[in-house]
Amino acid sequence: MTLPALQNSGVFLRRILSRFPQDISLAFAYGSAVFRQTGGQMRSNMLDFVFAVDDPVTWHTMNLIENRKHYSFLRFLGPKHISSIQTDYGAGVYFNTLVPAEDRVIKYGVISTDALIEDLLHWKTLYVAGRLHKPVRILLQSEPGKLRPALVGNLKSAVTAAFLMLPESFSEEDLFLQIAGLSYSGDFRMVIGEDKSKVSNIVKENMPHFRKLYNSILQECPQVVYKPQQGRLEVDKSPEGQFTQLMALPRTLQQQITRLVERPGKNRDVEEILLQVAQDPDCGSVVQQGISSIVKSSSITQSAKGMATAGLVKTVSYSAKKLQKMWRGWRTRPSA
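You'll find the chain entered in an unreviewed UniProt entry as Phosphatidate cytidylyltransferase, mitochondrial, with Cyprinus carpio carpio given as the organism.

## Considering the overall build of the chain
In terms of regular secondary structure, the chain is built from 14 helices and eight strands. By the burial criterion, 53% of the 336 residues in the chain qualify as buried. Considering only contacts within the chain whose residues lie at least 6 apart along the sequence, 70% involve residues at least 24 apart. Split by element, the accessible area of the chain, about 16300 Å² in all, is 55% carbon and sulfur.

## Looking at the pattern of salt bridges
Scanning the entire structure with this criterion turns up eight salt bridges. In this structure, Arg19 engages Glu102 in a salt bridge whose closest nitrogen and oxygen atoms are separated by 3.6 Å. With a gap of 83 residues between them, Arg19 in the loop between helix 1 (9-17) and strand 1 (26-30) and Glu102 in the loop between strand 3 (93-101) and strand 4 (104-112) connect regions that are remote in the sequence. Among the ionic contacts, a cluster of salt bridges with common partners joins Arg15, Arg19 and Glu102.

## Things to note about unusual backbone geometry
Although it is not a glycine, Glu102 sits at a positive phi angle of roughly 55°. Classification of Glu102 as partly exposed rests on a relative accessible area of 24%. Look at Leu126: it is not a glycine, yet its phi comes out positive at around 60°. Here Leu126 is to be found in the loop between helix 4 (113-122) and helix 5 (127-131).

## As for the environment of Tyr94
Position of Tyr94 among the secondary structure elements: in strand 3. The exposure class of Tyr94 is buried, given its relative accessible area of 0%. A sequence separation of 16 residues divides Tyr94 from Val110, and the C-alpha atoms of the two residues are 5.1 Å apart. Residues within four places of Tyr94 in sequence aside, it is in contact with His60, Tyr71, Ser72, Leu74, Ile82, Ile85, Gln86, Tyr108, Gly109, Val110, Lys305 and Thr309.

## Points about helix 12 (residues 270-278)
The α-helix advances 3.6 residues per turn, and as a result positions three or four apart in sequence lie on the same side. Along helix 12, the residues classified as buried are Ile273, Leu274, Val277 and Ala278. Relative to the axis of helix 12, the buried residues are bounded by an arc of 145° and lie together on one face. Summarising the contacts, the buried residues of helix 12 are in contact with helix 10 (239-247), helix 11 (251-261) and helix 13 (283-310).

## What to know about the pairing of strand 7 (residues 224-227)
Side-chain alternation along strand 7 places Val224 and Tyr226 on a buried face and Val225 and Lys227 on a face that remains uncovered. Pairing between strand 7 and strand 8 (residues 232-235): four bridges, direction antiparallel. Paired with Lys227 across the two strands is Arg232, which belongs to strand 8. The hairpin turn running from strand 7 into strand 8, its antiparallel successor, is four residues long, and Gly231 in that turn takes a positive phi close to 65°.

## A look at the packing of aromatic side chains
One pass over the full model with this rule turns up twelve aromatic pairs. Seen in terms of ring centroids, Phe51 and Trp59 are 6.0 Å apart; in terms of plane orientation they differ by 55°. Their pairing is tilted. Ring centres of Tyr71 and Tyr94 lie 5.8 Å apart, and the angle between their planes is 45°; on these two criteria the pair is classed as tilted. Here Tyr71 is found in the loop between helix 2 (56-66) and helix 3 (79-88), whereas its partner Tyr94 is found in strand 3, with 23 residues between them in sequence. We classify Tyr71 as buried; its relative accessible area is 2%. Chaining the aromatic ring pairs together yields one cluster made of Phe20, Phe49, Phe51, Trp59 and Tyr108. The ring of Phe95 is capped by Lys107, whose NZ or CZ atom sits 5.2 Å from the centre of that ring. One cation-aromatic arrangement involves Arg131 over Tyr127; the distance from NZ or CZ to the ring centre is 4.3 Å.

Calculation notes
Residues numbered from 1 in each chain as written. Predicted model: local features only at pLDDT ≥ 70, side-chain atom pairs only at ≥ 80, totals over all residues. Heavy atoms only, no water. Helix = DSSP H or I, 4+ residues; strand = E, 2+ residues; numbered from the N terminus. Buried < 20%, exposed > 50% of the residue type's maximum accessible area, 1.4 Å probe, protein only. Contact = heavy atoms within 4.5 Å. Areas by Shrake-Rupley, 256 points an atom, 1.4 Å probe, with all protein chains shown as cover. Salt bridge = Lys/Arg side-chain N within 4 Å of Asp/Glu carboxyl O. Arc of directions from axis to C-beta. Pairing = 2+ DSSP bridges. Phe/Tyr/Trp six-rings, centres within 6.5 Å; stacked < 30°, edge-to-face > 60°. Lys NZ or Arg CZ within 6 Å of the ring centre and 35° of its normal.

Structure below.
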């Protein structure tokens, strides 16, 4: 079976990458132009990239020399201000969108390596970490440092969070739908601007990619019985099992859960609160709410920043394309 990704795309994507300054610690392509989604037209979709860079000021300095037209009016502020806008606002990512490259249209986000590692380990915003819960095409990765263990840790956290929101027994597809939906939970763009079937469209066409991404983690996880031949999993839903899973969640999510559960005037530590949540029949719902609160905040602030980084004309054009895709998904959805 041929995996449903762009075939022979490695050279093509690296040609695009070669247009940018090469001081990049991680570069990956993602989205519907790289991995097929149900009902999607890969060739006509915009190509999405994320570049992690050690020194954003230096990188933007070089990119302004090589690709000045990619930037909105903010280019006149210079690389230091652009870097500040990147790191100090929203989810720590600076996007240039609707950029022509190699007869395609691309969008690329720039994030500092430190901010990426922080998001991968602690889910501070879940903005880039959430994209990396799903299959992506890694184009460049520096060796090895803190980045690789952070990438693996992010996948393990996604599995743990999904376990807490699923029943005792479930299918591989159930698991991957839950994982793929984490970064969309609470995202205001899912109300307007995105196809409501987006998560399902991502997973159904890319089951082999999800299996490859998560197989070793599931095989090695002591709290789950994984039967890949049957495509079934069974997870420990005892209070002890759920407490272990809650304690393994990223720090920001634990803090959000604590805020949701703790009553005013009490001063219990996180471990005591998570022990209470582990025994709650609505444990999964509390975890879901915690994730939603992280995603909601970062999606709103990052989108507001995107209006400035894209500029008015590109913002209107990009939003129109999103609404068109949402409308197309709504029209082609089978009736119940």
